[in-house]
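# Architecture and fold: a report
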Amino acid sequence: MRSHLAIREACAHVDMAFGDRIVKVTSYLHAVNGLGYIKITGAAFKEGRLDIVPPDYAGALLNHTADPVFHTSLTRLGYPAATMHEEGDVRWFYQRTCQELEYAILVAERQTANNHWEAVYTIAANHDGEQWLENAKRKVINALDAGFDAAFQDHCAWWGRYWGKSSIALPDAEAEKMWYLNNYLFASCSRKGSPPMPLQGVWTADEGQLPPWKGDYHHDLNTQLSYWHYLKANHLEEGESFLDFLWDLRPEAKRFAQSFFDAPGINLPSVMTLTGGAMGGWPMYSMSITNHIWVCQAFDHYWLYTGNGDFLRNKAYVYFKETADCLQRWLTLGEDGKLRLPVSSSPEIHDNSLKAWLEPISNYDLALLIYLFRRLHDMAERLAYAAEAERWADLLGKLPELAVNERNVLMVNKEECLMESHRHMSHMMAIYPLQLLDRRGSERDRKIADATIANLEVLGKGQWVGYSFAWAAAMYAQQGNGEAAIYHLQQMWQYTCSPNGFHLNGDYKKAGVCMFHYRPFTLEGNFAAISALQEMLLHTDGGTIRAFPAIPRKWAANDVEFRDFRGEMGVLVSARWRANRLDYVELNAERSGFFRVQNDFASERLQIRIDDNMEELVCGMKDILTISLQAGESCMITEL
């Protein structure tokens, strides 16, 4: 058997050889109507059949161990066995669960006039309405009548629009492939109007066992990293699934803030069900009061990348403010006159032990609090909320400084330095993703960032998992170190990803890159990696566009290009690098405004063309060029 996935068409092709007879299987999951389509050709298939195999919820325990995370049989859910049914061209299994949910997987199938075999399948549930099962039967029969090929055209049209949103071309085949593959995975498991991806997205069942960590929503890293890349990749609608989900859960977040934290405002549990309920776990992380601030960053990023003022006023600022209302309930002044929390921790330092409670406050919690009040202050100023801006500035001024040791390395808290390798870079949040340190404007901040990143190399990668490599790559990209960024991405892709590209968390090949050799599948490492790759190609932080700020030397000697990456405040950026020189930078403004571009060309004499108007100007190398564009205008910057 040989198989491949056609990424552009989102279609799977499988060739099966039975001696000299070949059976070809073509299958896709329709991008619009949600139905699955299968076509099988080849005479050998006349001797076979397609079976529907329901999950073995009621069978004997398979490979069951006491491990509550990785080896839990589906039988522990206590569901009854599925029942099998058939009616004309439709077969299905019907499954009850322990609560109100009932569902079925239905397949309509028949031999076609040209001796092909075609099938259409769907998943239906009683949440779909009173006549859900009958409606699903009609749906698959009607789709089967319309045919595989006709539906494929609409399917390809959707994917064509999706791939038209942005693109890259790299002299590194693996990196380019991973960018396209993971954008394919992203569109396959995150769609507007549907829940955002949990730990495993839509790929949950694994050989008769529950998915790792029960396939839930983890807010101490996983959901955040999963939604790092989509804005720069210009896939807004698919990423809005996460924002809509969080916004719609505000009532539940208010209930949790009140019931668990005895506080006003909003807060979501860090290990969470689909409906926002707390699932529990190690308490210092599963019930952290500050992890919700990291969730807030999704709203901040969306506002920054789109420049949507209505979203800022009506959603981003509201979500941040309600989160701050919860946090302020527990912020108290310590003996040093600085604000602190009654308990503090740093994911996942010291795991589930008493040592995980850190006095007086961890750099993780502190960095998130600084970020929260700094962004609230900046948002309030932009919205002309003068009194509220003053209030947030006052709270910001009462927070202590980040704990740094005598070597300029960020500490875990003011009492403890990280002394061993660790998977979660929680003490380094100020570097990335919060970007609190101004490495370009402050010599001290630059020293702290560089020294802390260098200390990772001293501590080593023994306790790293897959996402650790991706996170480190992002920090190296921010540092401008393209060699280290791509090196860490390559290690992740080669040793912690399966042949189909799924991130398996550990060095399952036992190649020696880290000490974890297990293989629990989660998605956050996939998307964090291509986010880091995008950071190598384009920086937009601080409102300044920097093209190719961290590409490795091998790339720089060749051609590198990206198209329609999203910059800040509603601008799309395209750029090309050719043989050690920046060829061009192009801006397309969705909104009117001033856009800042750093001169990374080899010359101070630049040519600027805005629509049909062309001018020449002088801008010092590494200086900032400010360009005014109206909505709909484009600007091409080249070297004279």
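A short tour of the structure in this document, coming up. This one's a predicted model, so the numbers in the text were calculated from it and none came from an experiment.

### Structural notes on the side chain of His427
You can see His427 is positioned in the loop between helix H11 (386–397) and helix H12 (443–459). For His427, a relative accessible area of 5% translates into the label buried. Apart from residues lying up to four places away in sequence, His427 is in contact with Ser346, Asn363, Leu410, Met411, Val412, Leu418 and Thr452.

### Some details on the packing of aromatic side chains
According to the stated counting rule, one finds 46 aromatic pairs in the structure shown. Each ring, one from Trp228 and one from Tyr432, has its centre 5.2 Å from the other, and the planes form 80 degrees; the classification is edge-to-face. Here Tyr432 lies in the loop between H11 and H12 and Trp228 lies in the loop between helix H4 (222–226) and helix H5 (236–248), a separation of 204 residues in the sequence. Classification of Tyr432 as buried rests on a relative accessible area of 5%. Connected via pairs of aromatic rings, a cluster forms that spans Trp158, Trp159, Tyr162, Trp163, Trp179, Tyr180, Tyr184, Phe548, Phe562, Phe565 and Trp577. Between the NZ or CZ atom of Arg191 and the centre of the ring of Trp158, over which it lies, the distance is 3.9 Å.

### Brief notes about the pattern of salt bridges
A full pass over the atoms with the stated rule returns 31 salt bridges. In this structure, the salt-bridge partner of Asp450 is Arg439, at a minimum N-O distance of 3.0 Å. Taken together, the positions of Asp450 in helix H12 and Arg439 in the loop between H11 and H12 put the pair eleven residues apart, joining distant regions of the chain. Across the pair, Arg439 and Asp450 agree in class, each one buried.

### A look at the packing of helix H3 (residues 173–189) against helix H15 (residues 524–537)
Between H3 and H15, the least distance of the axes is 10 Å, while the angle of their chain directions is 130 degrees. With respect to each other, H3 and H15 are oriented oblique. Viewed along their axes, H3 and H15 form a crossing whose handedness is left-handed. Here Ala175, Met178, Trp179, Asn182, Asn183, Leu185 and Phe186 of H3 lie close against H15, whose contacting residues are Asn526, Phe527, Ile530, Leu533 and Gln534. Partitioning the contact of H3 with H15 into residue classes produces eight nonpolar, four polar and no charged.

### Observations concerning the environment of Asn115
Of note, Asn115 is situated in the loop between strand S7 (102–111) and strand S8 (117–125). What makes Asn115 partly exposed here is its relative accessible area of 40%. In the structure, Asn115 is positioned 74 residues away from Thr41 in sequence and 7.5 Å away in space, judged by C-alpha atoms.

### A look at a nonpolar patch on the surface
Taken together, the side chains of Val343, Leu354 and Trp357 define a hydrophobic patch exposed on the protein surface, amounting to about 340 Å² of accessible area. Residue position: Trp357 is located in the loop between strand S13 (339–340) and helix H10 (363–382). Taking relative accessible area as the criterion, Trp357 reaches 36% and is therefore assigned partly exposed.

### Looking at the pairing of strand S2 (residues 11–18)
Moving residue by residue along a regular strand, the side chains alternate between the two faces of the sheet. Judged from the five bridges that link them, strand S1 (residues 2–6) and S2 form a sheet pairing that is antiparallel. Opposite Ser3, over in S2, you have Val14 as the bridge partner. Counted along the chain from S1 to the antiparallel partner S2, the turn is four residues long, and its residue Ala10 has a positive phi close to 50 degrees. Across seven bridges, S2 lies against strand S3 (residues 21–29) in antiparallel orientation. Bridge pairing in S3 places His13 opposite Thr26. Between S2 and S3, which pair antiparallel and follow one another directly, the connecting turn spans two residues, one of which, Gly19, has a positive phi of 65 degrees.

### Regarding the nonpolar core
In terms of nonpolar packing, the biggest core is built from 164 residues, with Phe373, Leu537, Phe548, Trp555 and Leu587 touching the most fellow members. Look past the residues within four positions of Trp555 in its chain and what remains in contact with it is Leu170, Pro171, Asp172, Ala175, Ile486, Leu533, Met536, Leu537 and Val560. Counting 20 residues, the second largest nonpolar core, distinct from the first, contains Cys11, Tyr37, Leu133 and Phe148.

### Here's the deal with the environment of Lys554
Along the chain, Lys554 turns up in helix H16 (residues 553–556). Given the relative accessible area of 70%, Lys554 is considered exposed. For the pair formed by Lys554 and Glu483, sequence separation is 71 residues and the distance between their alpha carbons is 9.0 Å.

### Quick notes on the pairing of S3
Where S3 and strand S4 (residues 36–41) come together, six bridges link them in antiparallel fashion. Bridge pairing in S4 places Thr26 opposite Lys39.

### Comments concerning empty space enclosed by the protein
Evaluated as defined, the whole model comprises two cavities of 30 Å³ or more. Each pocket or cavity is described by its volume, and for the largest cavity that value is around 90 Å³. Around the largest cavity, the lining residues are Gln224, Tyr227, Trp228, Tyr230, Phe242, Trp294, Val295, Gln297, Ala298 and His301. Looking at the lining of the largest cavity, the element that brings in the most residues is helix H8 (residues 291–306), giving five residues. Among the residues forming the lining of the largest cavity, the class breakdown is seven nonpolar, three polar and no charged.

### Here's the deal with the sheet that holds strand S14 (residues 538–539)
Across a sheet, paired strands are connected by hydrogen bonds in the backbone, their directions being either parallel or antiparallel. Here we have four strands laid out as an open sheet, ordered S14-S15-S19-S22, and mixed in their pairing. Each of the sheet's edge strands pairs with one partner strand only, and the pair in question is S14 and strand S22 (624–629). As defined by bridge partners, strand S15 (residues 544–547) adjoins strand S19 (residues 593–598) across two bridges and the pair is classed as parallel. Bridge pairing in S19 links Ile545 to Val597.

About the criteria used
Residues numbered from 1 in each chain as written. Predicted model: local features only at pLDDT ≥ 70, side-chain atom pairs only at ≥ 80, totals over all residues. Heavy atoms only, no water. Helix = DSSP H or I, 4+ residues; strand = E, 2+ residues; numbered from the N terminus. Buried < 20%, exposed > 50% of the residue type's maximum accessible area, 1.4 Å probe, protein only. Contact = heavy atoms within 4.5 Å. Phe/Tyr/Trp six-rings, centres within 6.5 Å; stacked < 30°, edge-to-face > 60°. Lys NZ or Arg CZ within 6 Å of the ring centre and 35° of its normal. Salt bridge = Lys/Arg side-chain N within 4 Å of Asp/Glu carboxyl O. Axes fitted to C-alpha atoms, helices over the stretch in contact; angles between N-to-C directions. Parallel < 35°, antiparallel > 145°, perpendicular 65-115°, else oblique. Left-handed = near helix turned anticlockwise from the far one by under 90°. Nonpolar A, V, L, I, M, F, W, Y, C, P; charged D, E, K, R; others polar. Patch = residues over 30% accessible without salt bridge, like charges linked within 9 Å, V, L, I, M, F, W, Y side chains within 5 Å. Areas by Shrake-Rupley, 256 points an atom, 1.4 Å probe, with all protein chains shown as cover. Pairing = 2+ DSSP bridges. Core = buried A, V, L, I, M, F, W, Y, C linked by side-chain atoms within 4.5 Å. 1 Å grid on protein atoms, 1.4 Å probe; cavity = no way out; pocket = protein on both sides within 12 Å on 5 of 7 lines; lining within 4 Å. Points joined across faces, edges and corners; volume = space filled by probe spheres on them.

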